[in-house]
Amino acid sequence: MLLFLTLTLAGLADALDRGSTGVLRSLDADVVVFNEEARLQLLRSRVPRPMMLGAAFVDGVGQVGTLALVPTSAETPNGRVRVTLVGFSATTPAEPTTLVEGRLPVDGEPGIAAVDVALRAHGVRLGDRLVLAGEREVEVVGFVEDSTFLQQPTVWVPPDVWARVQVSAFPEAGFAEQLVGAAVIRTRPSADPGEVAAAIEAEFDGVRAVPLQEAVSAIPGVDVQRRTFTVLVAMSVAVLALVVGLLFALLVTERRSRWATLRALGAPRQLLVATLLVQGVVLWMLALLGGSIGTALLSRVVPDAMPLDLRLPVVGLVGVASLVATVVGSSVALRRVARTDPAAAMSEGVR
Amino acid sequence: MMAEERAVVEVEACTKSFDAGAGVVTAVDDVSLELVRGELVALVGPSGSGKSTLLSLVGALLAPTAGTVRFEGTDLTDLDDRQRTALRATRVGLVFQTAALVPFLTAAENVALVGGFAGMATGAARSRAEQLLTELELGARKDHRPGQLSGGEQQRVAIARAMLNEPRLLLADEPTAHLDRQRGSQVIELVAQAVHEHRCAGLVVTHDERIASQADRILRIEDGRLVDG
Ligand SMILES: Nc1ncnc2c1ncn2[C@@H]1O[C@H](COP(=O)(O)OP(=O)(O)OP(=O)(O)O)[C@@H](O)[C@H]1O
Ligand SMILES: [Mg+2]
């Protein structure tokens, strides 16, 4: 029951996290460069094009690409949905690596897009035409997976398409020709992303360069979400330890005379402790199995709006944490069993 | 001509006191006795006279405050907890007031369980358990759980358990306390039979004189001291 709760929380946290960070995680990149005022926000970032070109010459930089995001909406067979339009330069580190069907658009190919598989749920199929805000139409030529941004499906287009949507959505933002979104860099294999980021900041004024992981946690809500769920999951694991502790203490106290009898009959302490531990572990395995099945079933029935997804690594992590909690929780009871006085079998009489 | 057999247990001037908060209670006071193979000794005395305590000293469950207990020549105070546990497992058979069987195991499993404590192979323990249960006329009940057995039958299972590892010493603390006279008498008879047939030393605590009379020898204890008679 408790493990079910823990697993559900962890599954929810994991799904939320992945839903927010998909865009950046789908890239094979090491460093992201923002303009300083953007405060590490992809949606706000506008770096000057010359900087982009110059970055390629900084020590340790392998390849450079541009990535630019703008929120918009798309008309799907199932109605209008909010999407994030991603302008990316093809065959650069800004290209998503998670293509599952069709192909990616190439630069200078207007009216073509690859979209996140999340849009399939809205009836979008390969070859469909999507009408974006501002009556711009794109044809879906590919699907990428696990690349959502802030829970929104993404539409991946060449950078100039992004630039035009950007201009029509935010006319006051000025002319986008000289500005690109964020620069995405793949470092040379031997280079350290942190050092490369520092070198870029030193080379250009007004930019902020950070390793990819840092950019991921800077996505709005991600950091807070992670902390909140970590606390929640940690708390439920702690409660688990407590409950297991109480359960075992009860079990052990209730059976005290039996432990004493077995000790009197010559059962080694280790055998009794091992027996109890095995019981605890079996209980844990059953609970983990039950909890996983429960959460998996729950993730089937919850509405799509609520992201809940149970992945094996999450089960593994919660499993290990709860196993530790089980052992810690039962350790007090185990000590008590180990210390049972065999003479008690005689003097206490046996019930 | 056989050499004089050495006693299984020699108790020499043993005293056991408990610090019971309100003061020191001397449960066993300067007791000496010997137990030899093939002899069943009954220990009788009023409640609180120290019978159980003396039994625990003899069975390596308690360490004496003063004096020595020698088990086949080994001073028990020289043994550590692990060695005493091993000695109990391999050389002492214990029967308690109640059978104290593990409720979710069958009669045969309960008996065979202690074979594992003494390092006996599971299969061997199992077949010896069934053989002992048959000896005790419980062959047909071997797959029953304790809850399905009467008090007397449970106590017979406990005797079989005590005999599994072919102990040198069989100890029983009021094994008949919860049985009616006829069943109690039968249980003591079985204990006596086990001691005689398996040639081990036996000590049985009881406060029933009639049951005590089934033993080969009677020891009386009052206020922790052995008294004559
Ligand atoms: N663990 C202990 N701590 C303190 N006092 C004890 C302990 N065990 C026994 N005693 C005391 O030692 C005395 C003898 O106890 P013991 O159990 O040996 O008596 P007994 O002859 O077996 O009595 P009964 O016939 O009631 O079983 C009693 O006064 C008892 O209160
Ligand atoms: Mg007693």
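Before reading on, note that the structure itself is shown above.
Residues numbered from 1 in each chain as written. Chains lettered and ligands numbered in written order. Predicted model: local features only at pLDDT ≥ 70, side-chain atom pairs only at ≥ 80, totals over all residues. Heavy atoms only, no water.

K.L.:
Would you mind showing me how to read the overall build of chain B here?
P.N.:
Check the secondary structure of chain B and you find seven helices and ten strands. Counting every position in chain B, which comprises 229 residues, the buried fraction comes to 52%. The contacts of chain B with a sequence gap of at least 6 include a subset with a gap of at least 24, amounting to 73%. Counting only carbon and sulfur atoms, one obtains 47% of the accessible surface of chain B, whose full area is about 10,100 Å². (Helix = DSSP H or I, 4+ residues; strand = E, 2+ residues; numbered from the N terminus. Buried < 20%, exposed > 50% of the residue type's maximum accessible area, 1.4 Å probe, protein only. Contact = heavy atoms within 4.5 Å. Areas by Shrake-Rupley, 256 points an atom, 1.4 Å probe, with all protein chains shown as cover.)

K.L.:
Can you walk me through the pairing of strand S6 (residues 112–116) of chain A in this structure?
P.N.:
On a regular strand, one side chain projects to one face of the sheet and the next to the other, so that they alternate. All names here are of chain A. Burial analysis of S6 places five of its five residues in the buried class, which makes it a mostly covered element. Where S6 meets strand S8 (residues 137–144), five bridges bridge the pair, whose relative direction is parallel. Of the residues in S8, the one forming a bridge with Val-115 is Phe-143. Bridging between S6 and strand S9 (residues 154–157) involves two bridges; their strand directions are antiparallel. (Pairing = 2+ DSSP bridges.)

K.L.:
What exactly am I supposed to notice about unusual backbone geometry here?
P.N.:
If you check the backbone angles, Leu40(A) has positive phi at about 65 degrees while not being a glycine. Mapped onto the elements, Leu40(A) comes out in the loop between strand S1 (31–35) and strand S2 (47–48). Residue classification places Leu40(A) among the buried residues on the basis of a relative accessible area of 14%. With a phi angle near 60 degrees, Glu137(B) is a residue other than glycine that sits in the positive phi range. Locating Glu137(B) in the fold gives a position in the loop between helix H4 (122–135) and helix H5 (151–163).

K.L.:
I keep staring at the site of ligand 1 and nothing clicks. Help me out?
P.N.:
Residues and elements named next belong to chain B. Within the structure, ligand 1 sits among Phe-18, Val-25, Ala-27, Pro-46, Ser-47, Gly-48, Ser-49, Gly-50, Lys-51, Ser-52, Thr-53 and Glu-174. Note that an oxygen atom of ligand 1 is positioned 2.8 Å from one of the backbone N or O atoms of Gly-48. For ligand 1, an oxygen atom lies 2.6 Å from a polar atom in the side chain of Thr-53. For ligand 1, the accessible surface in isolation is 630 Å², of which the surrounding protein chains cover 66%. The set of elements that each furnish at least two residues to the shell around ligand 1 consists of strand S2 (24–35) and helix H1 (51–58). With three residues, H1 is the largest single contributor of residues to the shell around ligand 1. When its residues are assigned to classes, the shell around ligand 1 shows four nonpolar, six polar and two charged. (Near = heavy atom within 4 Å. Polar contact = N/O pair within 3.5 Å; in protein donor to acceptor, adjacent residues only side chain to side chain. Nonpolar A, V, L, I, M, F, W, Y, C, P; charged D, E, K, R; others polar.)

K.L.:
Quick question: what am I supposed to make of the packing of helix H6 (residues 222–254) of chain A against helix H8 (residues 269–301) of chain A here?
P.N.:
Helix-helix packing: each pair is described by the crossing angle between the helix axes and the interaxial distance. Residues and elements named next belong to chain A. Contact geometry of H6 with H8 gives a least axis separation of 12 Å together with a crossing angle of 140 degrees. With respect to H8, the element H6 is oriented oblique. Two packed elements cross with a definite hand, and for H6 against H8 that hand is right-handed. Taken together, the residues of H8 that come into contact with H6 (itself represented by Leu-247, Phe-248, Leu-251 and Val-252) are Leu-276, Gln-279, Gly-280 and Leu-283. For the contact of H6 with H8, the class distribution of residues is six nonpolar, two polar and no charged. (Axes fitted to C-alpha atoms, helices over the stretch in contact; angles between N-to-C directions. Parallel < 35°, antiparallel > 145°, perpendicular 65-115°, else oblique. Left-handed = near helix turned anticlockwise from the far one by under 90°.)

K.L.:
Please explain the nonpolar core as it appears in this structure.
P.N.:
In globular proteins that are soluble, nonpolar side chains generally tend to be buried together. Of all hydrophobic cores here, the largest spans 116 residues; its most connected members are Val9(B), Leu35(B), Leu94(B), Leu169(B) and Leu170(B). With near-sequence residues (within four places) excluded, Leu169(B) lies in contact with Val8(B), Val9(B), Leu35(B), Val58(B), Phe71(B), Arg91(B), Val92(B), Gly93(B), Cys200(B) and Ala201(B). By size, the runner-up hydrophobic cluster in this structure holds 29 residues, among which are Val86(A), Leu212(A), Ala215(A) and Val222(A). (Core = buried A, V, L, I, M, F, W, Y, C linked by side-chain atoms within 4.5 Å.)

K.L.:
Honestly, the interface of chain A and chain B in this entry has me stumped. Any pointers?
P.N.:
Reports of interface size often rely on the accessible area that becomes lost once the parts have come together. Facing 19 residues of chain A, the contacting portion of chain B comprises 22 residues. Roughly 1,800 Å² is buried in total at the junction of chain A and chain B, and carbon and sulfur atoms are behind 66% of that figure. The tally of links between chain A and chain B comes to two salt bridges. In this structure, Asp81(B) engages Arg269(A) in a salt bridge whose closest nitrogen and oxygen atoms are separated by 3.0 Å. (Buried area = accessible area lost by both parts, 1.4 Å probe. Salt bridge = Lys/Arg side-chain N within 4 Å of Asp/Glu carboxyl O.)

K.L.:
Would you take a moment to explain the sheet that holds strand S5 (residues 74–75) of chain B for this structure?
P.N.:
Adjacent strands of a sheet pair through backbone hydrogen bonds, lying either parallel or antiparallel. All names here are of chain B. Strand order in the open sheet formed by four strands is S2-S1-S4-S5, and the pairing between neighbours is antiparallel. Both edges of this open sheet fall to S2 and S5, since each of them pairs with a single strand only. In the packing of H1 onto the sheet, the strands contacted are strand S1 (9–19), S2 and strand S4 (66–71), and the crossing angle to S2 comes to about 55 degrees.

K.L.:
What should I look at first to understand H1(B) in this one?
P.N.:
Of all eight residues making up H1(B), seven are buried, and the element is well covered by its neighbours. Immediately downstream of H1(B), the backbone of Ala60(B) shows phi near 60 degrees, a positive value.

K.L.:
Would you explain the pattern of salt bridges in this entry?
P.N.:
According to the stated counting rule, one finds 26 salt bridges over all chains in the structure shown. One salt bridge in this structure joins Asp17(A) and Arg226(A), with 2.8 Å as the shortest N-O distance. Linking Asp17(A) in helix H1 (residues 2–25) with Arg226(A) in helix H6, this pair joins segments that are 209 residues apart in sequence. Put simply, Glu101(A) and Arg120(A) hold a salt bridge, and the shortest N to O gap is 2.5 Å. One end of the pair, Glu101(A), is in strand S5 (residues 99–102); the other, Arg120(A), is in the loop between S6 and strand S7 (129–132), with 19 residues separating them in the sequence. Several salt bridges converge on common partners, so that one network encompasses Arg126(B), Glu130(B), Lys142(B) and Asp143(B).

K.L.:
What is the right way to read the side chain of Asp75(B) from this model?
P.N.:
Residues and elements named next belong to chain B. Along the chain, Asp-75 falls in strand S5. No salt bridge is formed by the buried Asp-75; its nearest oppositely charged neighbour, Arg-70, is found at 5.3 Å. A polar side-chain atom of Asp-75 sits 2.7 Å from a polar atom in the side chain of Thr-77. The residues touching Asp-75, leaving out its near neighbours within four places in the chain, are Thr-68, Val-69 and Arg-70. (Lys, Arg positive; Asp, Glu negative; His and termini not counted.)

K.L.:
I would appreciate a short explanation of the side chain of Arg161(B) in the present structure.
P.N.:
Take Arg161(B): it is sitting in helix H5. With no salt bridge to any partner, buried Arg161(B) finds its closest opposite charge in Glu109(B), at an N-O distance of 12 Å. Filtering out sequence-adjacent residues up to four positions away, Arg161(B) remains in contact with Thr261(A), Leu265(A), Phe96(B), Ala99(B), Ala100(B), Leu101(B), Asn110(B), Val111(B) and Val114(B).

K.L.:
How do you make sense of the environment of Met52(A) when you look at a structure like this?
P.N.:
Residue and element names in this part refer to chain A. Topologically, Met-52 is positioned in helix H2 (residues 49–55). Given the relative accessible area of 10%, Met-52 is considered buried. When the C-alpha positions of Met-52 and Ala-182 are compared, they lie 8.7 Å apart, and in sequence the two are 130 residues distant. In this structure Met-52 touches Val-47, Val-64, Gly-65, Thr-66, Val-180 and Ala-183, once residues within four positions along its chain are discounted.

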